Amino acid sequence: SILAFSLGRRPFLLPSYSFFRKELPAVKLIHLSDLHLGKRVNEIPMLDDQKYILAQILQIADAEQPDSVLIAGDIWDKPVPGADAVAVFDEFLVQLAKRRLSVLLIPGNHDSPERVSFGGRLMAQSGVYSARPYDGTLTPVALQDSFGSVFFYLLPHLKPLPVRRLFPEEPIESTNDAVRTVLAHAAPNPAERNVLVAHQFVTGAAACDSEELSVGGSDNVDASLFAPFDYAALGHIHNPQHILRPEVRYCGTPLKYSFSEAKHEKSVTVVELLEKGNTIIRTVALHPLHDMLEIRGSYNEITAKSFYDRLDREAYLHVTLTDEEDIPDAIGKLRTVYHNLMKLDYDNCRTRSSADFSQSVRTEQKKPAELLAEFYREQNGQALLPQQAAFAEELIEKIWDTP
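1. As for the overall build of the chain
- Each helix and strand counted, the chain has 13 helices and 21 strands in total.
- Expressed as a percentage of the 403 residues in the chain, the buried residues total 51%.
- Within the chain, contacts between residues at least 6 apart in sequence are counted, and of these 70% link residues at least 24 apart.
- Of the accessible surface of the chain, which amounts to about 19,500 Å², a share of 54% is contributed by carbon and sulfur atoms.

2. Some points on the sheet that holds strand 21 (residues 341-346)
- If you walk across this open sheet you meet the 3 strands as 19-20-21, and the pairing is parallel. Both outer strands of the open sheet, strand 19 (292-297) and strand 21, are each paired with one neighbouring strand and no more. The average angle at which neighbouring strand axes cross in this sheet is 15°, direction not considered.

3. Description of the pairing of strand 10 (residues 148-154)
- Where burial is concerned, most of strand 10 is hidden: 6 out of the 7 residues are buried.
- Between strand 9 (residues 141-145) and strand 10, which pair antiparallel in sequence order, lie 2 residues.
- Pairing of strand 10 with strand 11 (residues 193-199), which is carried by 5 bridges, proceeds in the parallel orientation. Bridging across to strand 11, Phe151 finds its partner in Asn194.

4. Side note on the packing of aromatic side chains
- All chains considered together, the criterion is met by 2 aromatic pairs.
- Judged by centre distance (5.6 Å) and plane angle (75°), the rings of Trp76 and Phe89 are edge-to-face. Here Trp76, found in the loop between strand 6 (68-72) and helix 2 (83-98), pairs with Phe89, found in helix 2; they are 13 residues apart in sequence, far enough to count as distant. Phe89 shares its class with Trp76; the two are buried.
- Considering the side-chain rings of Tyr153 and Phe229, the 5.8 Å spacing of their centres and the 75° angle between planes classify their relative orientation as edge-to-face. Of the two residues, Tyr153 is situated in strand 10 and Phe229 in the loop between strand 13 (220-221) and strand 14 (231-235); the sequence distance between them amounts to 76 residues.
- Judged by its relative accessible area of 5%, Tyr153 falls in the buried class.
- You can call Phe229 buried: its relative accessible area is 2%.

5. A closer look at empty space enclosed by the protein
- On inspection of all chains with the given rule, the structure shows 3 cavities of 30 Å³ or more.
- There is about 50 Å³ of room inside the second largest cavity.
- Considered class by class, the residues forming the lining of the second largest cavity number 5 nonpolar, 1 polar and 3 charged.

6. Overview of the nonpolar core
- Ile30, Leu37, Ile71, Phe89, Phe92, Leu105 and Val268 are the most contacted members of the largest nonpolar core, which has 37 residues in total.
- Among the elements of the structure, strand 3 (27-32), helix 1 (47-64), strand 6, helix 2, strand 7 (102-106) and strand 17 (267-273) are those that each provide at least two residues to this core.
- Examining the composition of this core, we find that 7 residues originate from one element, helix 1, more than from any other.
- Leaving out residues up to four positions away in the same chain, Ile30 has contacts with Ile60, Ala61, Pro66, Ser68, Val69, Leu70, Val268, Thr269 and Val270.
- Counting 31 residues, the second-largest nonpolar core is a separate cluster that includes Ala142, Leu196, Ala198 and Val221.

7. Observations regarding the environment of Thr320
- Along the chain, the position of Thr320 falls in strand 20 (residues 316-321).
- Note on Thr320: relative accessible area 10%, which makes it buried.
- In the structure, Thr320 is positioned 23 residues away from Gly297 in sequence and 6.6 Å away in space, judged by C-alpha atoms.
- Setting aside anything within four residues of it in sequence, one finds Thr320 in contact with Ile295, Arg296, Gly297, Asp345, Tyr346 and Asp347.

What counts, and where the lines are drawn
- Residues numbered from 1 in each chain as written.
- Predicted model: local features only at pLDDT ≥ 70, side-chain atom pairs only at ≥ 80, totals over all residues.
- Heavy atoms only, no water.
- Helix = DSSP H or I, 4+ residues; strand = E, 2+ residues; numbered from the N terminus.
- Buried < 20%, exposed > 50% of the residue type's maximum accessible area, 1.4 Å probe, protein only.
- Contact = heavy atoms within 4.5 Å.
- Areas by Shrake-Rupley, 256 points an atom, 1.4 Å probe, with all protein chains shown as cover.
- Pairing = 2+ DSSP bridges.
- Axes fitted to C-alpha atoms, helices over the stretch in contact; angles between N-to-C directions.
- Phe/Tyr/Trp six-rings, centres within 6.5 Å; stacked < 30°, edge-to-face > 60°.
- 1 Å grid on protein atoms, 1.4 Å probe; cavity = no way out; pocket = protein on both sides within 12 Å on 5 of 7 lines; lining within 4 Å.
- Points joined across faces, edges and corners; volume = space filled by probe spheres on them.
- Nonpolar A, V, L, I, M, F, W, Y, C, P; charged D, E, K, R; others polar.
- Core = buried A, V, L, I, M, F, W, Y, C linked by side-chain atoms within 4.5 Å.

Next comes the structure, spelled out in structure tokens:
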């Protein structure tokens, strides 16, 4: 087998017999994204849960025997991750390399592209390929099997402004324009099998509270842009799903990162690329160290043995009490039964009457672009156009960056 690493517009073929155990009958992939290593949920660190689920993913890799692992962005939860989160990802990469698997990864909106690509040319010698910050070229990594070559295009998370600077002659007003321009210049060969790894919000995707999405749709990308690709391995949206066709897929997060994800079924996506036009996609379920559940009822109801015996008391819990009177030290008392209680609130006459006040408090926490979009909608009875939202966001960024 031969792995090709792109040093220019055309892939440069490197013999890499050490990476693979046999000649590949067909390329088999594991698609991951949004690890968010180092994340805290309701101020509770998730790193032990993340170590547990990464170990489970390695077990799946042992069972599935893939040829490559794709990681579609948001490796860490912030651009400057903590040392412990970096160490966890380092160990994960080492374990994948020991299994002679190639790894192809990109930065998401939570990552620093420079940090993700640091040491990339050295790590490529061990089969770990990271996308560089976009510089005007998008050249493929290629893998060969019995059907020919598969070309992998590693697209880091894009915003319009940097792409506009690289292509000043192009009419780039939105993220959709930026992605369209980048893919048009990449020009994948339609006769070959092509895979895109990207971290963007595709129009029509079902989002939840965990993702950072723009107001007004300025970050939306049309799924039709991915038509040249036999598989689009997407990251950014936490709920596993496909858009328009099965081959344009979000694999989702390996863990639940907010209670808006409580009903999600987390999984690993396994992809087999046979001959051109024949792609097999399936999922393998993931089972977390702690599940995430929401329960509601009066204090007496949810502390009754008949109630809690039916629940996983090790799960992370969001409890909503319906008592009209606050229970003294409710969170402390409930934690004697539910050790991993993350969040407690009330739903009663008092809380419902104070909803308007709570809304005004939440307004103070919103970003300027969100407030502008809401003001525009209220004044004009319609949402900002994507071009307007992109212009406003760019203008706000410039104002905020001005000393």
